[in-house]
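Examination of the molecular architecture
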Amino acid sequence: MARRVVITGVGVLAPGGTGTGAFWRMLSEGRTATREITLFDASGFRSRVAAEADFDPRAHGLTPREICRMDRAAQFAVVAAREAFADSGLALTGLDPHRTGVSLGTGVGAPGALDREYRAVSHDGRLDLVDHTYASPGLYDHFVPSSFAAEVAWAVGAEGPVTTVSTGCTSGIDSVAHAADLIREGSADVMVTGATDAPISPITLACFDAIKATTTYNDQPGTASRPFDASRKGFVLGEGAAVFVLEELTAARRRGAHVYAEIAGHAARSSAFHMTGLRPDGRELAEAVTVALDAARLHPADIDYVSAHGSGTRQNDLHETAAYKLALGEHAHRIPMSSIKSMIGHSLGSVGSMEIAASVLAMKHHVVPPTANLRTPDPECDLDYVPLHAREHRTDAVLTVGSGFGGFHSAMVLTRPDRRTA
Amino acid sequence: MSARTLVTGIGVAAPSGLGVEDFWAATRVGKNAIGPVTRFDASSYPSRLAGEIHGFDAREHLPGRLVPQTDRVTQLALAAADHAFADAGVAPGDIDPYGMGVVTAAGSGGVEFGGNELRKLWGRGAKHVSAYQSFAWFHAANSGQISIRHGLSGPSGVVVSDHAGGLDALAQARRQIRAGGRLTATGGFDAPVSPWGWAAQLAGGMMSAGAEPERAYLPFDEDAAGYVAGEGGALLVLEDEDSARSRGARTVYGELAGYGATFDPRPGSGREPGLRRAIDTALTDAGCHPAEVDVVFADAAGTKRLDREEAEAITSVFGPRGVPVTAPKTTTGRLGAGAAPVDVVSAVLSMREGLIPPTTNVELSPAYDLDLVAVRPRTASVRTAVVLARGRGGFNSAVIVRAVD
């Protein structure tokens, strides 16, 4: 009998309010958290809008030493992991450290800390041979984001398999998929998993400016992220973390845990085409969706909601829409789908986990979140993207997808565990 | 689950050699490849030695348009990938693209590229930052570029577990194959030899300040005082056994037979580190008794605390002087995420030749009850090898490779 993997704890740190409750209120009310960048002076950049988290690490109990040691992304991860762990109730029943692991995703690691450290060691860009004596002791850990997974492992007391998954913008799905695989194969019984990113930094802005991938709606920051809308002008950076506790189903039931959802199937495919370009027909993303559905033993008709990648670039919106038509057939037109990036922006790697959190909460509330700012639909995007307002909708099975640089595409199917037929 | 996962192709980009034959010719006799840093002026830094890959001209290995788009670490990875696929005899079109994937481990990502762009940003302004920065410095660059170059449309994976990641990548690749894939290219790479990369290595606090190439990195020696950093790594082609046989794979180097990964208890807990448990898990996974193991390729951190922990773990599993132990990385320095895949290559080549490569320069400290293969190579029948790797923060991984008849 194959081991089945379920989510028993959720923690979210997102723009628009800390904690899972605030996150869901914002999504279900269709509010947006995109705004003019306040984290630093962004006036010199082409795109100056982002969805920022109002985050005070001290308010979450991080010590001055921890705050100094960790990049903002690592701090997000630890805070979200603590929420997820508390939510799971595992602290009360006890944990076998050797059977507990961590799989934490990050798309870009610690660009904020690297940017700051680089300025210090290069004397603001004047030195090519940088002065290492100006570096903080944490610099190595900012380079190597396995330090994020280590921080989470220390926070929850995990001593089983621990790793960071860094597949760019699919990291947030791939890390959770990896965690589910480890439980299924018996390498762990409990996995703390999810993803974190804090990419809003000068170097990140500069490189997305250079490829004109980010929005220029600087004068309309609150409505700047417009996936599937004809007036879109690129994506809006975001930040944040979502972390989950995963357990084997029978163990979770035995201890009376609240089960949010089962990770019923997942798959990853690659375009093998271009580092940033997408094939317009969406065939590899479609293949990932089909394989994930097969793994879940579900038919496209069984899917109640699609949490779309919906980054807000024209290229993605067309690619993704084509992929759904390929993979879901006629059902693509029937299934409500939305992009929460319209509200929380695109935090690169971590957003995949934040979308898993949104999917799980949609199943809990039987409400699907909207695509905000979708007022002038792109005629080439002709599916039901749930414009502007959340919708009450029976939601027992969700498909969530992601695409990213490198040509990576990932899909995951989440279900109510008692729903699964096979 | 019963089908075996075989190593059918190898590509190496290491200070000791590009390609398998050069690498092994140097490694089998313990030829030193550590020397003064030449890639930048290191005279003002406390560590001035490195394992560099000399004479590597990316234009000889990559299409011209890729050179300005990639960090050195990706150029090395692509060169190794070309070797690995040529060695495996797999060309695009031979195998269904969805059946082929790639999983690589990265430590620091595209450090030199990222440092150059940060310098442009702060020295000259945001408009001078390269468009390629968006995909040259992130940790997924190597897997992405390898998937494109070799037409791998299956899953792409990237793991980061500091120096242990190279083994975690191999395990993830095996998982993909067991889930129905036919072939996965897997390994790890790092390239820290640039001023910005050096600042990070120095901040880590474990680099050797030694000035003599043959005295600077001395794991398990009483004079152990840190490590020398090197660049490079290895890429292996792993295949499902049935798939490899059906296409008539020309070389089977061995089987990836076992894997285990653990994380150390919180610092200061006083409890036993996790390495012994990782080895035990890998042995159980391989269905292998400790007495069957013919050699252990050690992580060989080169600092007293970590060396002692590793020696104790090896001794507790295999008994005092119970198994030959070696660390050929004393000739190259530590290659970050690339180190362990290079050791896996050495392990399968040890099987092929019946020879354990030496741990050069090291005089074993009497504090460790190890059978260290020091100074000279040792002739031995090698059927089963254990490779160990550990990462900063507490990552422990072990892989078992076994000969295939």
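Residues numbered from 1 in each chain as written. Chains lettered and ligands numbered in written order. Predicted model: local features only at pLDDT ≥ 70, side-chain atom pairs only at ≥ 80, totals over all residues.

**Brief notes about the packing of helix α9 (residues 202-210) of chain A against helix α4 (residues 111-123) of chain B**
What counts here: Between the N-to-C directions of two axes lies an angle of 0 to 180 degrees, each axis being a line fitted to C-alpha atoms and, for a helix, fitted only over the stretch in contact. Secondary structure elements are taken from DSSP: a helix is a run of H or I of four residues or more, a strand is a run of E of two residues or more, and numbering for both begins at the N terminus. Note that the term roughly parallel is reserved for angles under 35 degrees, roughly antiparallel for angles over 145, roughly perpendicular for angles of 65 to 115, and oblique for everything else. Two residues form a contact once the distance between their C-beta atoms, set from the backbone, is within 7 Å. Throughout, the ten residues Ala, Val, Leu, Ile, Met, Phe, Trp, Tyr, Cys and Pro are labelled nonpolar, Asp, Glu, Lys and Arg are labelled charged, and all others, Gly among them, are labelled polar.
At a minimum axis distance of 10 Å, the contact between α9 of chain A and α4 of chain B shows a crossing angle of 95 degrees. Taken together, the axis directions place α9 of chain A and α4 of chain B in an arrangement best described as roughly perpendicular. Facing P202, I203 and A206 of chain A of α9 of chain A, the residues of α4 of chain B in contact are E117, L118 and L121 of chain B. Partitioning the contact of α9 of chain A with α4 of chain B into residue classes produces five nonpolar, no polar and one charged.

**So, the domain arrangement of chain A**
Residue and element names in this part refer to chain A. Stated formally: Domain borders in the structure are assigned automatically or taken from a domain database.
Taken domain by domain, chain A comprises domain 1 (5-254) and domain 2 (266-415). The C-alpha-based centres of domain 1 and domain 2 are spaced at 21 Å. Across the boundary between the two partners, domain 1 contributes 60 residues, which contact 56 residues of domain 2. For the side of domain 1 that touches domain 2, the secondary-structure elements that each account for two or more residues are β1 (5-14), α1 (20-29), β4 (49-51), α8 (171-184), β7 (190-197) and β8 (240-248). For the side of domain 1 that touches domain 2, a count of residues per class yields 30 nonpolar, 23 polar and seven charged.

**Here's the deal with the interface of chain B and chain A**
For clarity, the threshold we go by: In short, DSSP must find at least two bridges between two strands for them to pair.
Counting residues at the interface gives 67 residues for chain B, matched by 65 residues for chain A. Listing elements by their share of the side of chain B that touches chain A, those giving two or more residues are α4, α5 (133-136), α6 (141-150), β6 (156-160), α7 (165-178), α8 (195-203) and β9 (254-263) of chain B. The residue makeup of the side of chain B that touches chain A, split by class, is 32 nonpolar, 26 polar and nine charged. The pairing of strand β6 (residues 162-165) of chain A with β6 of chain B spans two bridges and is classified as antiparallel. Opposite T164 of chain A, over in β6 of chain B, you have V160 of chain B as the bridge partner.

**A closer look at the pairing of strand β7 (residues 183-190) of chain B**
All names here are of chain B. What counts is decided by this rule: Each residue is classed by its C-beta neighbour count within 10 Å, where at least 20 other C-beta atoms makes it buried, 12 or fewer makes it exposed, and intermediate counts make it partly exposed; the C-beta atoms are placed from backbone geometry.
With eight of eight residues buried, β7 is to be regarded as a mostly interior element. Here β7 shows two buried faces, one formed by L183, A185, G187 and F189 and the other by T184, T186, G188 and D190. Pairing of strand β5 (residues 100-106) with β7, which is carried by seven bridges, proceeds in the parallel orientation. Note on β7: the bridge partner recorded for A105 is G188. Bridge count for β7 against strand β8 (residues 232-240) is eight bridges, and the pairing is antiparallel. Paired with L183 across the bridge in β8 is E239.

**Thoughts on the confidence of the model for chain B**
Just so we agree on the cut-off: Confidence of the predictor in every single residue is expressed as pLDDT, which spans 0 to 100.
Looking at chain B as a whole, the pLDDT averages 97, with 100% of positions reaching at least 70. Taken element by element, the predicted model of chain B shows its lowest mean pLDDT in α5 of chain B (93) and its highest in strand β10 (residues 295-297) of chain B (99).

**Here's the deal with the domain arrangement of chain B**
How big an interface is tends to be stated in terms of accessible area lost as the parts join. Residues and elements named next belong to chain B. Each domain of chain B was delimited in the assignment, giving domain 1 (5-246) and domain 2 (259-402). Of note, the centres of domain 1 and domain 2, computed from C-alpha atoms alone, are 21 Å apart. Across the boundary between the two partners, domain 1 contributes 59 residues, which contact 53 residues of domain 2. Those elements giving two or more residues to the side of domain 1 that touches domain 2 turn out to be β1 (5-14), α1 (20-27), β4 (49-51), β5, α7, β7 and β8. Take the side of domain 1 that touches domain 2: its biggest share by element is six residues, from α7. Residue composition of the side of domain 1 that touches domain 2, grouped by class: 30 nonpolar, 19 polar and ten charged.

**Notes on unusual backbone geometry**
Residue and element names in this part refer to chain A. Phi angles above zero are rare outside glycine, and H366 is one such case at about 50 degrees. Position of H366 relative to the elements: it lies in the loop between α14 (351-365) and β12 (367-368). Classification of H366 as partly exposed rests on a count of 14 C-beta atoms within 10 Å.

**Focus on the packing of helix α11 (residues 283-296) of chain A against helix α12 (residues 314-328) of chain A**
All names here are of chain A. This is how the line gets drawn: What makes a crossing left-handed is the near helix being turned counterclockwise from the far one by less than a right angle; a clockwise turn instead makes it right-handed.
At a minimum axis distance of 8 Å, the contact between α11 and α12 shows a crossing angle of 45 degrees. The pairing of α11 with α12 is recorded here as oblique in orientation. Taken as a pair, α11 and α12 cross one another with a handedness that is right-handed. Across the interface between the two elements, R283, L285, A286, V289 and T290 from α11 touch H319, E320, A323, L326 and A327 from α12. The residue inventory of the contact of α11 with α12, partitioned by class, reads six nonpolar, two polar and two charged.

**Remarks on the nonpolar core**
We count it as follows: Here a nonpolar core is just a set of buried residues of the types Ala, Val, Leu, Ile, Met, Phe, Trp, Tyr and Cys, joined wherever their C-beta atoms sit within 7 Å.
Counting residues in hydrophobic clusters, the biggest one holds 293 residues, and the most contacted among them are A77 and V152 of chain A together with V387 of chain B. Apart from the residues within four sequence positions on either side, V387 of chain B is in contact with L167, F297, A340, D343, V344, A347, V399 and V401 of chain B.

**Here we look at helix α10 (residues 275-286) of chain B**
Residues and elements named next belong to chain B. Defined as follows: Every helix has an expected span of 1.5 Å times one less than the residues it contains.
In this model, α10 (twelve residues) spans 17 Å end to end at C-alpha, consistent with the 16 Å of a helix rising 1.5 Å per residue. With respect to burial, α10 is a largely interior element, nine of its twelve residues being buried. Every buried residue of α10 is accounted for by L275, R276, R277, A278, I279, T281, A282, L283 and A286. Turning to α10, the residues buried within the fold contact β9, α11 (304-318), β15 (384-391) and β16 (395-402). One or two residues past the end of α10 sits G287, with phi positive at roughly 60 degrees.

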